[in-house]
There are 2 protein chains.
Amino acid sequence: MSIWDGEADQRIWGDCPRRVVVIGAGFAGLAVIQGLKKAPACVSVIDRQNHHLFQPLLYQVATASLNPSDIAAPIRRIVRGQKNTEILLADVTGIDVDRRVVTLADGETPYDVLVLAAGATHSYFGHPEWEEHAPGLKSVEDALEIRRRMLLAFEIAERETDEAVRREWLTFVVVGGGPTGVELAGTLREVARMTLAKDFAHIDPATARVILVEGSPRVLPPYSTKLSESALRQLQGLGVEVRTGAIVTEIDAEGVAIGDERIASRTVLWAAGVAASPLGRSLGVPLDRAGRVMIEPDLTVPGHPEIYVIGDLAHLEQDGKAIPGVAPAASQMGKHAARNILLALKGEPTRPFKYVDKGSMATIGRGAAVAQIGRWNISGFVAWLLWMFVHVLFLIGFRNKLLVIIQWAWSYLSYDRGARLITGRAEGPLVQGLTEKRLPSTTEAEAIHG
Amino acid sequence: MSIWDGEADQRIWGDCPRRVVVIGAGFAGLAVIQGLKKAPACVSVIDRQNHHLFQPLLYQVATASLNPSDIAAPIRRIVRGQKNTEILLADVTGIDVDRRVVTLADGETPYDVLVLAAGATHSYFGHPEWEEHAPGLKSVEDALEIRRRMLLAFEIAERETDEAVRREWLTFVVVGGGPTGVELAGTLREVARMTLAKDFAHIDPATARVILVEGSPRVLPPYSTKLSESALRQLQGLGVEVRTGAIVTEIDAEGVAIGDERIASRTVLWAAGVAASPLGRSLGVPLDRAGRVMIEPDLTVPGHPEIYVIGDLAHLEQDGKAIPGVAPAASQMGKHAARNILLALKGEPTRPFKYVDKGSMATIGRGAAVAQIGRWNISGFVAWLLWMFVHVLFLIGFRNKLLVIIQWAWSYLSYDRGARLITGRAEGPLVQGLTEKRLPSTTEAEAIHG
């Protein structure tokens, strides 16, 4: 079955070749675009950001280790020199599969082939009101907001004179014990214990509590039991309080509730729920419970051989398990979708996708990580080195690789973090949340330092 | 005259020493703080930012060359280990000189000695409504906003189909021909001509116009005529259109007016007026026309030997000329104020400040700069090398120095700029300003590239 309605060959090679529209330039979208470099088609990439983001390192921006531009590269820069490709900064609002048109916030555009790689966003399990109190980590803006809240909490604690309220500012809750939650919690403790340790006059940042809350019985649920246990021990070694089997029932400006229990905390971070982009819904095809599109083995949508859905937005089972929503799977899908599009352009049949699991790894802190590669379970320093190596390897661009290596080396040797800036809204709700503030009072400073 | 009202010695060395409050941790404030490291007094530093900013390189953040954290360092990190010092993140709203109290947005605090180093902000010459259309460059947030507007202008031009409107998006006006304006204008042309040159399908970024508007008869008015002429030639060599003797009479969302003439431009940057911080007014002492505090030769305020005003907020004449509002002058004032405070603490008389002008320099672009050192006028590549050397030398911290050198070397060799991210508000007024948008259309892309 060809994806063209007749007279394909002639039009493909003619003056105005077929148009492939790719929505989203994450790992999946970027792999498609690069795979279509020599395609006899015109490729239009639509993204609402001008940059591709290396999300596996985003938590390092949130925790003040790296700069946004170290892990993000302009999409234009990456695909520069790809003559059949144009990039459009725009907000996609829907897809009309009958008219074969993508609707934008400011217009619409037709497609012959559509690749939907719009990814996922946070899900607050039916509690959208939690978002304000517990930001998630998906975009550069999210990361800078988390960084701002984290650093501001210590600043406010320094000025707070009510000891109980001060403890609330020095208590951090991370909801969700997957890789992102584990990374955030571990790094938060490191920041408190090492980076900030000597920088305050009235508080001891090392006393900050970091509580990791996970609903299932163990952290890193997709990993082997052995690695989950190792991760737990490594987290506890850093001083993170891990609460497994704990379901968060309420989040507000002053803390979280786990059933009847209340944890008073002024900084709550969300690493729990992920929901597929709402664009999947506009295709009018079956979705799974998380809103992901149920796709065919060749990555197209049932009944629509001209529409591919890939990456975190796609649901495809292999060997009885859903392919996980991770960067390597997204990249592999993108490459395969490009291959299938090229086959279809030649009038040849598409081929089924086969996911190759090359392993997974999560970092916990300085010298602390877990890695699962085939049957190997690796923990601690070796896993941490491996994690660093792999992440630098896949980072886009020599400049970014070099800068990240230097900053990691610097942080490792100095215990410092280079991006400790509070930027953005000067007068956020957090500052308004202050009750009593510390005014300059030098006797206490002397007492602590003396 | 002692700054203490009696029984000074005993209280200085006693349990609760005198309190020095420093407002602002820019170049002037930081120098005071560091100079008071061993002072027999408690030092409270109040700033509304958590970081000291190396403002001379801020335009490089605005033009996507550097990251904010490359040129900013946490104040706590810089003065770490200074046991008599506390740092408070707070917003100062006024000073009550009679009660010797600083009022904050959320409280108040007493002082024995006050150092006011609150700096300057933008002035729109009585046209505050211009600010929205022509952002200035004082803070990290300002720089990121300028970066966002600059990069977004090219993205919008890429999608714009009305040729006249597209030209407006590709026209940039910089108001003010001092060092900041010259640096912004020169770098903007470089970004358009080199960095972005090959990245778009429908526009040629190199055709972007950059117009520098200066009210006085020449650019860089404080420099020698010879260097002004050289700067003009270097700017013109980069393709900047320089308009001297041109007074801007109106700025709105669609351009600027110079008398009867109108320049249609969607991106206007403000580098013209600077006004002293309004805090100077609350001292109740004489100010100059720009709102700066007229200070005594020992840097104190007339009638208030316990109040120092330094940096951009101070007006002091030397050899018949006002000391300029530049970083070296601010640092020198800060060091001297600290020395005078130490003298006063010992009951000794304070000494008059003497500004040593070590020269000034401004960069224009790749290999283009001017420097005036004593009687030497230096232009071009040598001035540019000197400029880079001096700016790296004075940047705070080894890490920042290293990262800046690497990124400059990278930019020089690759013509690339590492921080080309559009972040912040996704739906700004700029996007709403779009009239017709380009929808994916591949034939034209082919035509341009083919």
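Treat the numbers as computed from the prediction; the structure is a model and nothing was measured. Starting afresh in each chain, residues are numbered from 1 along the sequence in its written order. Here chains are named by letter from A upward and ligands by number from 1 upward, in the order in which they appear as written. The predicted origin of the model limits local features to residues at a pLDDT of at least 70 and limits the giving and counting of side-chain atom pairs to 80 or more, whereas totals for whole chains, interfaces and linings rest on all residues. With hydrogens and water set aside, each side-chain value is computed from the structure's full complement of heavy atoms.

**Focus on the sheet that holds strand 7 (residues 101-104) of chain B**
Residue and element names in this part refer to chain B.
- Two strands pair if DSSP finds at least two bridges between them. Strands here are runs of E lasting at least two residues and helices are runs of H or I lasting at least four, both read from the DSSP assignment and numbered beginning at the N terminus. If you trace the three strands from one edge of the open sheet to the other, you get 6-7-8, paired in antiparallel fashion. The open sheet terminates on both sides in strands that have one partner only, identified here as strand 6 (92-96) and strand 8 (107-110). Each strand of the sheet is rotated relative to its neighbour by a mean of 20°, with strand direction disregarded.
- As paired elements, strand 7 and strand 8 share four bridges and run antiparallel to each other. The residue of strand 8 that forms the bridge with V102 is T109. Throughout, an axis means a line fitted to C-alpha atoms (over the contacting stretch in the case of helices), and angles, computed between N-to-C directions, take values from 0 to 180 degrees.

**Examining the sheet that holds strand 12 (residues 209-213) of chain A**
Residues and elements named next belong to chain A.
- As summarised here, the arrangement of the four strands in space is 13-12-11-17, forming an open sheet in which the pairing is parallel. Two strands in the sheet have a free side with no partner beyond their single neighbour: strand 13 (241-243) and strand 17 (267-270). Mean inter-strand twist for the sheet, computed between neighbouring axes without regard to direction, equals 20°.
- Of the pairings in the sheet, the one linking strand 11 (residues 171-175) to strand 12 comprises five bridges and is parallel in character. Across the sheet, V173 pairs through a bridge with I211, a residue of strand 12.

**Quick notes on the relation of the copies chain B and chain A**
- Overlaid copies result from least-squares superposition on C-alpha atoms, with residues included only where pLDDT is at least 70 in both. The two copies are related by a screw motion: chain B maps onto chain A through a turn of 180° and a shift of 0.0 Å along the axis, at an RMSD of 0.0 Å. On this basis, the relationship between the two copies can be described by a two-fold rotation axis.
- Looking at the interface residues of chain B, 99% of them are also at the interface in chain A, so both copies use one shared face. Two residues form a contact once any of their heavy atoms are found within 4.5 Å.

**Quick word on a positive patch on the surface**
- Taken together, the side chains of A:K335, A:R339, A:K346, A:R351 and A:K358 present a region of like positive charge at the surface.
- Here A:K346 is to be found in the loop between helix 9 (327-345) and strand 25 (360-365). Patch building starts from residues that exceed 30% relative accessible area and form no salt bridge, then joins like charges within 9 Å and nonpolar side chains (Val, Leu, Ile, Met, Phe, Trp, Tyr) within 5 Å. For the accessible areas, the method is Shrake-Rupley and the probe is 1.4 Å, while residue cover comes only from the protein chains on display. One side-chain nitrogen of Lys or Arg within 4 Å of one carboxyl oxygen of Asp or Glu is enough to make a salt bridge. For this count, His and the chain ends are skipped, Lys and Arg are scored as positive, and Asp and Glu as negative. To locate a charge, take atom NZ for lysine, CZ for arginine, CG for aspartate or CD for glutamate.

**A closer look at the pairing of strand 6 of chain B**
Residue and element names in this part refer to chain B.
- In terms of strand pairing, strand 6 meets strand 7 through four bridges, oriented antiparallel. By the bridge assignment for strand 7, D96 is matched with V101.
- Where strand 6 folds back onto strand 7 in an antiparallel hairpin, the turn is made up of four residues, including R100, whose phi is positive at roughly 55°.

**Brief notes about unusual backbone geometry**
- For A:R100, which is not glycine, the phi torsion reads 55° and is therefore positive.
- Secondary-structure assignment places A:R100 in the loop between strand 6 (92-96) and strand 7 (101-104).

**A closer look at helix 10 (residues 380-394) of chain B**
Residues and elements named next belong to chain B.
- The end-to-end C-alpha distance of helix 10 is 21 Å, a good match for the 21 Å that 15 residues give at a rise of 1.5 Å each.
- Burial in helix 10 covers these residues: G380, A383, W384, W387, M388, H391 and V392. Burial along helix 10 is one-sided: seen end-on, the buried residues are contained in an arc of 160°. Away from the buried face of helix 10 by more than 90 degrees, exposed residues V382 and F389 are located. Take the number of residues in a helix, subtract one, and multiply by 1.5 Å to get its expected span. The classification of residues rests on relative accessible area computed with a 1.4 Å probe and restricted to protein chains. Under 20% of the type maximum is buried, over 50% is exposed, and intermediate values are partly exposed. To obtain the arc, one takes the directions from the helix axis to the C-beta atoms.

**Concerning the interface of chain B and chain A**
- Listed by partner, the interface residues are 72 residues for chain B and 71 residues for chain A.
- Taken together, the connections running from chain B to chain A amount to eight salt bridges.
- Between B:R159 and A:D106 there is a salt bridge, with the nearest N and O atoms lying 3.2 Å from each other.
- Elements with a minimum of two residues in the side of chain B that touches chain A: strand 2 (42-47), strand 4 (72-74), helix 4 (75-78), strand 5 (85-89), strand 8, helix 5 (140-159), helix 11 (398-414) and helix 13 (442-449) of chain B.

**Description of the packing of aromatic side chains**
- Only the six-membered ring of Trp is used, alongside the rings of Phe and Tyr, when aromatic pairs are assigned; centres must lie within 6.5 Å, and planes under 30 degrees apart are stacked while those over 60 apart are edge-to-face, with the rest tilted. Under the counting rule described, the total for this entry stands at 22 aromatic pairs over all chains.
- Summarising the aromatic geometry, the rings of B:F27 and B:F54 are spaced 5.7 Å apart at their centres and angled 70° between planes, so their arrangement reads as edge-to-face. Of the two residues, B:F27 sits in helix 2 (residues 27-35) while B:F54 sits in the loop between strand 3 (51-53) and helix 3 (58-62), which places them 27 residues apart along the sequence.
- Taken together through their ring pairs, the aromatic side chains of A:Y124, A:F125, A:W130 and A:W270 make up a single cluster.
- Throughout this description, the term charge over a ring refers to an Arg CZ or Lys NZ atom that lies within 6 Å of the ring centre and within 35 degrees of the ring normal. Against the face of A:Y412 rests A:R366, its NZ or CZ located 4.2 Å from the ring centre.

**A closer look at the pattern of salt bridges**
- Throughout the structure, instances matching the rule amount to 38 salt bridges over all chains.
- The salt bridge involving A:R149 is made with A:E145; its shortest N-O contact spans 2.8 Å. Highlighted residues: A:R149 and A:E145, both in helix 5 (residues 140-159), separated by four residues, approximately one helical turn. Summarising the burial analysis for this pair, A:R149 and A:E145 share the class buried.
- A:D199 is paired through a salt bridge with B:R80; the nearest N and O atoms lie 2.5 Å apart.

**Some remarks on the packing of helix 10 (residues 380-394) of chain A against helix 11 (residues 398-414) of chain A**
Residues and elements named next belong to chain A.
- As a packed pair, helix 10 and helix 11 sit with axes 9 Å apart at the nearest point and diverge in direction by 155°. For the element pair helix 10 / helix 11, the angle class is roughly antiparallel. Residues F381, W384, W387, M388, H391, V392 and L393 of helix 10 touch helix 11, and the partners they reach there are K401, V404, I405, W408 and Y412.
- Charged means Asp, Glu, Lys or Arg here, nonpolar means Ala, Val, Leu, Ile, Met, Phe, Trp, Tyr, Cys or Pro, and polar covers whatever is left, Gly included. Class assignment for the residues of the contact of helix 10 with helix 11 results in ten nonpolar, one polar and one charged. Orientation labels follow simple angle bins: below 35 degrees gives roughly parallel, above 145 gives roughly antiparallel, 65 to 115 gives roughly perpendicular, and whatever is left gives oblique.

**Some remarks on helix 11 of chain B**
- Between the first and last C-alpha of helix 11 of chain B there are 24 Å, a value that for 17 residues agrees with the 24 Å anticipated at 1.5 Å per step.
- Along helix 11 of chain B, the residues that are buried comprise B:R399, B:N400, B:L403, B:V404, B:I406, B:Q407, B:W408 and B:S411.
- Structurally, helix 11 of chain B contributes buried residues whose contacts are with helix 11 of chain A together with helix 3, strand 4 and helix 10 of chain B.

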